[in-house]
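Listed below, chain by chain, are the residues.
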Amino acid sequence: MNAISIQNISKNYKDTKALEDISFEVQNGQLFGLIGPDGAGKSTLFRILTTLLLADKGQAFVDGYEVVKEFREIRKRVGYMPGRFSLYQDLSVEENLSFFATIFGTTIEENYDLIRDIYVQIEPFKKRLAGNLSGGMKQKLALSCALIHKPTVLFLDEPTTGVDAVSRKEFWDMLRSLKEKNIAILVSTPYMDEAVLCDEIALIQEGRILKIDEPQSMIHQFDRPLFAVKTNDTYKLLKHLRLKPFTHSVLPFGECLHLISSERMSAADLQDQLRSEGFADVIVSKIKASIEDVFLELSHKTEGHV
Amino acid sequence: MFKVLLAFIRKEFYHILRDKRTLLILFGMPLAQVLIFGYAVTNEFNDAEIDIMDYAKDETSEQYINHLQSSGNFIVRRVLGSPNEMEEGMKAGKAKLVVSIPDNFSEDFYAGNSIQIQVITDGSDPNNANTLVQYLTEMTQSFQRQKRNEPTDPYTINVASRMLYNPQLASAYNFVPGTIALILLIICAMLTSLTIAKEKEIGTMEILLVSPLSPLLIILGKVAPYALLSFVNAIVVILIGFFVFDVPVLGSTLLLLSMCFLYVFTALSLGILISTTVKTQQEAMMKSLMGLMMPSMLLSGFIFPLASMPVVLEYIGKIIPATYFIRILKGVMLRGVGLNFILFEIAVLLAMTLGFLFLSWRNFKIRLE
């Protein structure tokens, strides 16, 4: 039996489609990532799975229980960390944790070993009000609160949004270590670079799943040549490359352009060609695809562009 | 289960004690309200300043003026020199009343001729003017009786009135019950609807829903502290009324307290009902202020008597819980009645409470939509 099983879930808000025919499975002890931009429908799916919303169509099971009829069972078993910081800002760290332990019928001491690695980092501030914590510490506290009752499935809705880079890394290290305690984790994030840290990911956009696979195999399957092209006049180069016959797609990517070519060619040849065409400072290098490239390529396809 | 409820209630007390705004509403407002109603908003007056236009200037008119001042209600501000000055004091807002004593006062008085004393008041404040004229008429009559030294005229009908239950017509007798009703309503209904709306607003309701807590427990945990605190408040107001404003509690104290308890429940259930229909604290505030406070203050018979209102308002007044609670309070505190005289009001409050609870239960969402 899988930790989470989603079968053809659809959900509409009035006229807008939030989710369209979503299906996937999360195994026990798996760290499953839901990757997509804001407004893709991630939070809606989380709320359906945590029994807070009803789907219009389809079925879903969490820990073997059906999300509509057996919602009470699910509410006892899962840990949920909503997208927005949702603890009591006017209670101290310790008071928050002990409150959530009590309402789940347990105590901090009983499950301390489960949260120890996370909680030790905020324990020095346990008398501080939650509202006065930094963003990273707030998320650690929220995770501790979601874990304190030893859930079988953990739902983390964008846990690293608004958190600094160091804390984000720490947070993901914690998630990796939780996996070893056989807790299934469904985590959503808009940060593509976090995708590779998951066991399996689903790319989601505008309520539809683009692809489900392990992140490494997704990257391996990306078989077109990919180049990073760097110049001072990025915009001019972008317009220039769009007109080239070999260009499959070209998109701005940080401070350079990522060019997917439909022909096999070497980086050196491309660089020479572009230099001769007036971009004297251009530097071209062949690169390995990232999840973001995969995502953009897939979302390109579904939008019907070339 | 009990442990969970206790933890919930403790958490709620933390919220209350750490929020200055809530604390102020809880403890500052009752005190302020009682004192404002007690000292500022009152129909009684002492030492009203009056002007005298004395055309007679004889011995009897002097005695009459002294008699007016002897009650402590009036103080003569000025004795005017000419009728042109009559309006001056009133325009300046200093004189509340001008008494004009006609020529030959003494002569006519002892000759038994009819005398007309002219009284001019400031009609821009009608309530006050009325009361002042009433006082003055009384004082004039008593002066007449005293001077003529004769028993009441056998051919006149005299009205001897006695204000039962409130002989001095102290306004505290009216505002103490009214204030209790209002305070309990504000604290129970407004604060509970606010605190539940707050959980929705900051997102903690989402977490509470995804937990084994039953809706009943969530609500019970949220309202229990407010029930306790507002009950304490009711007792404080009754005590202030008793010791500071001499408002008696003639009926049974136990009955009084249990009635307060019943009303606390009514107000709480109303607060819960409001909270099930709102998403934000602001909405909860608007609904409880406009929908509860205003009508309870204006239409419950607390400030304006219900019977003198247009029929529509009278009917609205009849569906306001405070109306019945004020009747109960006045009955038990001032008239000292027992349970059997207020059965109807109790039944109405009970029915309202059950109705509100039923509607809240129907409205409570176990999900987000």
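Numbers given for residues are sequential positions, taken from 1 along each chain in its written order. Following the order in which they are written, the chains are lettered starting with A and the ligands numbered starting with 1. Where local features are concerned, this predicted model is filtered to residues with pLDDT of at least 70; where side-chain atom pairs are given and counted, the filter is 80 or more; whole-chain, interface and lining totals use all residues. In computing side-chain values, all of the structure's heavy atoms are included and hydrogens and water are not.

## Regarding the overall build of chain A
Piece 1. Broken down by element type, chain A carries 10 helices and 14 strands.
Piece 2. With the C-alpha coordinates aligned to their principal axes, the bounding extent of chain A is approximately 70 × 45 × 35 Å.
Piece 3. Any residue under 20% of the maximum accessible area for its type is buried, any over 50% is exposed, and the rest in between are partly exposed; the area is computed with a 1.4 Å probe on protein chains only. Per-residue burial over chain A gives 54% buried out of 306 residues.
Piece 4. Within chain A, contacts between residues at least 6 apart in sequence are counted, and of these 68% link residues at least 24 apart.
Piece 5. As displayed, chain A offers around 13,600 Å² of accessible surface, 49% of which is attributable to carbon and sulfur atoms.
Piece 6. Side chains of chain A carry 37 positive and 43 negative charges; the gap between the two charge centres is 2 Å. Secondary structure follows DSSP: runs of H or I at least 4 residues long count as helices, runs of E at least 2 residues long count as strands, and numbering of each begins at the N terminus. Any two residues whose heavy atoms approach within 4.5 Å at even a single point are treated as in contact. For the accessible areas, the method is Shrake-Rupley and the probe is 1.4 Å, while residue cover comes only from the protein chains on display. In this tally, Asp and Glu contribute negative charge and Lys and Arg positive charge; neither His nor the terminal groups of the chain are included. Each charge is placed at NZ for Lys, CZ for Arg, CG for Asp and CD for Glu.

## Here we look at empty space enclosed by the protein
All names here are of chain A.
Piece 1. Here a cavity is any set of points on a 1 Å grid over the protein atoms alone where a 1.4 Å probe fits but cannot get out, and a pocket is any open set with protein on both sides within 12 Å along at least 5 of 7 lines; a residue lines the site when it has an atom within 4 Å of a point. Grid points are joined across faces, edges and corners, and a volume is the space filled by probe spheres set on the points. In this structure the tally under the stated criterion is 4 cavities of 30 Å³ or more.
Piece 2. A volume near 130 Å³ is recorded for the largest cavity.
Piece 3. Contributions of two or more residues to the lining of the largest cavity are made by β6 (78–81) and α5 (135–147).
Piece 4. In this model, the second largest cavity occupies a volume close to 60 Å³.
Piece 5. In terms of lining residues, the second largest cavity is bounded by L226, S249, V250, L251, F253, H258, I260, D293, L296 and E297.
Piece 6. When residues of the lining of the second largest cavity are traced back to their parent elements, those giving at least two are β12 (247–253), β13 (256–261) and α10 (291–303).
Piece 7. With 4 residues, the top contributor of residues to the lining of the second largest cavity is β12.
Piece 8. Residue type decides the class: Asp, Glu, Lys and Arg count as charged, Ala, Val, Leu, Ile, Met, Phe, Trp, Tyr, Cys and Pro as nonpolar, and the leftover types, Gly among them, as polar. Split by residue class, the lining of the second largest cavity holds 6 nonpolar, 2 polar and 2 charged.

## Focus on the pattern of salt bridges
Piece 1. The salt bridge definition used is simple: a Lys or Arg side-chain nitrogen within 4 Å of an Asp or Glu carboxyl oxygen. Counted under the stated rule, the structure contains 27 salt bridges over all chains.
Piece 2. Residues E158 of chain A and K42 of chain A are paired through a salt bridge, measuring 3.2 Å at the closest nitrogen-oxygen approach. In this pair, E158 of chain A is assigned in the loop between β7 (153–157) and α6 (165–179) and K42 of chain A in helix α1 (residues 42–49), connecting sequence segments 116 residues apart.
Piece 3. Two residues, E12 of chain B and K222 of chain B, come together in a salt bridge whose shortest N-O distance is 3.1 Å. Highlighted residues: E12 of chain B in helix α1 (residues 2–18) and K222 of chain B in helix α9 (residues 215–243), separated in sequence by 210 residues.
Piece 4. We classify E12 of chain B as buried; its relative accessible area is 0%.
Piece 5. Under the relative-accessibility criterion, K222 of chain B is labelled buried at 1%.

## Some thoughts on the domain arrangement of chain B
Piece 1. Taken domain by domain, chain B consists of domain 1 (17–41 + 170–363) and domain 2 (48–148).
Piece 2. Domain limits in this description derive from either an automatic procedure or a database domain assignment. A separation of 46 Å is found between the C-alpha centroids of domain 1 of chain B and domain 2 of chain B.

## Overview of the sheet that holds strand β1 (residues 4–13) of chain A
Residues and elements named next belong to chain A.
Piece 1. One open sheet holds the 4 strands; their spatial order is β2-β1-β4-β5, and the pairing between them is antiparallel. Each of the sheet's edge strands pairs with one partner strand only, and the pair in question is β2 (16–26) and β5 (65–66).
Piece 2. Two strands pair if DSSP finds at least two bridges between them. One ladder, built from 5 bridges, connects β1 with strand β4 (residues 57–62); its direction is antiparallel. By the bridge assignment for β4, I6 is matched with A60.
Piece 3. Lines fitted to the C-alpha atoms define the axes, with helices restricted to the stretch that makes contact. Angles between their N-to-C directions range from 0 to 180 degrees. Docked against the sheet, α1 engages β1, β2 and β4, running at close to 120° with respect to β1.

## Comments concerning the sheet that holds strand β2 (residues 74–79) of chain B
All names here are of chain B.
Piece 1. An order of β2-β1-β3-β4 is seen for the 4 strands of this open sheet, with the pairing classed as mixed. Both edges of this open sheet fall to β2 and β4 (118–121), since each of them pairs with a single strand only. Pairs of neighbouring strands in the sheet enclose a mean axial angle of 30°, with direction left out of account.
Piece 2. Across 5 bridges, strand β1 (residues 48–54) lies against β2 in parallel orientation. Each bridged residue has a counterpart across the sheet, and for I50 the counterpart in β2 is V76.

## Considerations on the nonpolar core
Looking at soluble globular proteins, one finds that nonpolar side chains tend to be buried together.
Piece 1. To form a nonpolar core, buried Ala, Val, Leu, Ile, Met, Phe, Trp, Tyr and Cys residues must be joined to one another through side-chain atoms within 4.5 Å. With 98 residues, the main nonpolar core has L143, F155, L175 and L203 of chain A as its most contacted residues.
Piece 2. With 7 residues, α5 of chain A is the single largest residue contributor to this core.
Piece 3. In this structure L203 of chain A touches I35, R208, I209, L210, K211, M218, I291, V294, F295 and L298 of chain A, once residues within four positions along its chain are discounted.
Piece 4. Among the nonpolar cores identified, the runner-up in size contains 75 residues, and L194, A227, A234 and F356 of chain B belong to it.

## Examining the packing of aromatic side chains
Piece 1. What counts as a ring pair is set by centres within 6.5 Å for rings of Phe, Tyr and Trp (its six-membered ring), and what kind of pair is set by the plane angle: stacked under 30 degrees, edge-to-face over 60, tilted for all other angles. Evaluated as defined, the whole model comprises 19 aromatic pairs over all chains.
Piece 2. Relative to F99 of chain A, the ring of Y88 of chain A lies with its centre 5.7 Å away and its plane at 80°, an arrangement referred to as edge-to-face. Here the residue Y88 of chain A occupies a position in the loop between β6 and α3 (93–103), and F99 of chain A occupies one in helix α3, the gap between them amounting to 11 residues.
Piece 3. You can call Y88 of chain A buried: its relative accessible area is 2%.
Piece 4. By relative accessible area, which is 3% here, F99 of chain A ends up buried.
Piece 5. Judged by centre distance (6.3 Å) and plane angle (65°), the rings of Y324 of chain B and F344 of chain B are edge-to-face. Of this pair, Y324 of chain B sits in helix α13 (residues 321–335) while F344 of chain B sits in helix α14 (residues 343–363); the two residues are 20 residues apart in sequence, bridging distant segments of the chain.
Piece 6. Judged by its relative accessible area of 6%, Y324 of chain B falls in the buried class.
Piece 7. Look at F344 of chain B and you get exposed, because its relative accessible area is 54%.

## Some points on the side chain of T276 of chain B
Piece 1. Here T276 of chain B lies in helix α10 (residues 253–276).
Piece 2. Engagement of the side chain of T276 of chain B in a polar contact is seen with the backbone oxygen of L273 of chain B, the distance being 2.6 Å. Any pair of N or O atoms that falls within 3.5 Å is considered a polar contact. Within protein, one atom must be able to donate a hydrogen and the other to accept it, and sequence-neighbouring residues count only if both atoms are side-chain atoms.

## Describing the UniProt feature "domain: ABC transporter" (unreviewed entry) in chain A
Piece 1. As recorded in UniProt, the feature "domain: ABC transporter" (unreviewed entry) lies at residues 4–231 of chain A.
Piece 2. Across residues 4–231 of chain A, helical content stands at 32% and strand content at 29%; the span's end C-alpha atoms are separated by 46 Å. UniProt positions are given in the numbering used here, feature names are shortened, and annotations may be inferred rather than shown by experiment.

## Some points on the environment of C188 of chain B
All names here are of chain B.
Piece 1. Among the secondary structure elements, C188 is positioned in helix α7 (residues 172–202).
Piece 2. Each C-alpha atom of the pair C188 and S230 lies 6.7 Å from the other, and the pair is 42 residues apart in sequence.
Piece 3. Among residues more than four places away in sequence, those in contact with C188 are S230, V264, A267 and L268.

## Observations regarding the UniProt feature "transmembrane region" (unreviewed entry) in chain B
Residue and element names in this part refer to chain B.
Piece 1. In the numbering used here, UniProt assigns the feature "transmembrane region" (unreviewed entry) to residues 21–41, 172–191, 203–220, 226–247, 254–274, 294–316 and 337–361.
Piece 2. As annotated, residues 254–274 has a helix share of 100% and a strand share of 0%, and its two end C-alpha atoms lie 30 Å apart.
Piece 3. Measuring from the first to the last C-alpha atom of residues 337–361 gives 35 Å, for a span that is 76% helix and 0% strand.

## Regarding the domain arrangement of chain A
Piece 1. Each assigned domain of chain A is listed here: domain 1 (4–215) and domain 2 (223–288).
Piece 2. Between the C-alpha centres of domain 1 of chain A and domain 2 of chain A there is a distance of 39 Å.

## Topic: the packing of helix α4 (residues 112–122) of chain A against α5 of chain A
Angle between the axes and distance between the axes: these two values describe a pair of packed helices.
All names here are of chain A.
Piece 1. For the pair α4 and α5, the least separation of the axes is 9 Å and the interaxial angle reads 150°. By the angle between their axes, α4 is roughly antiparallel relative to α5. Remark: the crossing between α4 and α5 carries left-handed chirality. For the pair α4 and α5, contact is made by L114, I115, I118, Y119, Q121 and I122 and by M137, K140, L141, L143, S144 and L147, respectively.
Piece 2. Split by residue class, the contact of α4 with α5 holds 9 nonpolar, 2 polar and 1 charged. Under this scheme an angle from 65 to 115 degrees is roughly perpendicular, one under 35 degrees roughly parallel, and one over 145 degrees roughly antiparallel; angles in between are oblique. Left-handed is the label given to a crossing in which the near helix is rotated counterclockwise from the far helix by less than a right angle, and right-handed is the label when the rotation is clockwise.

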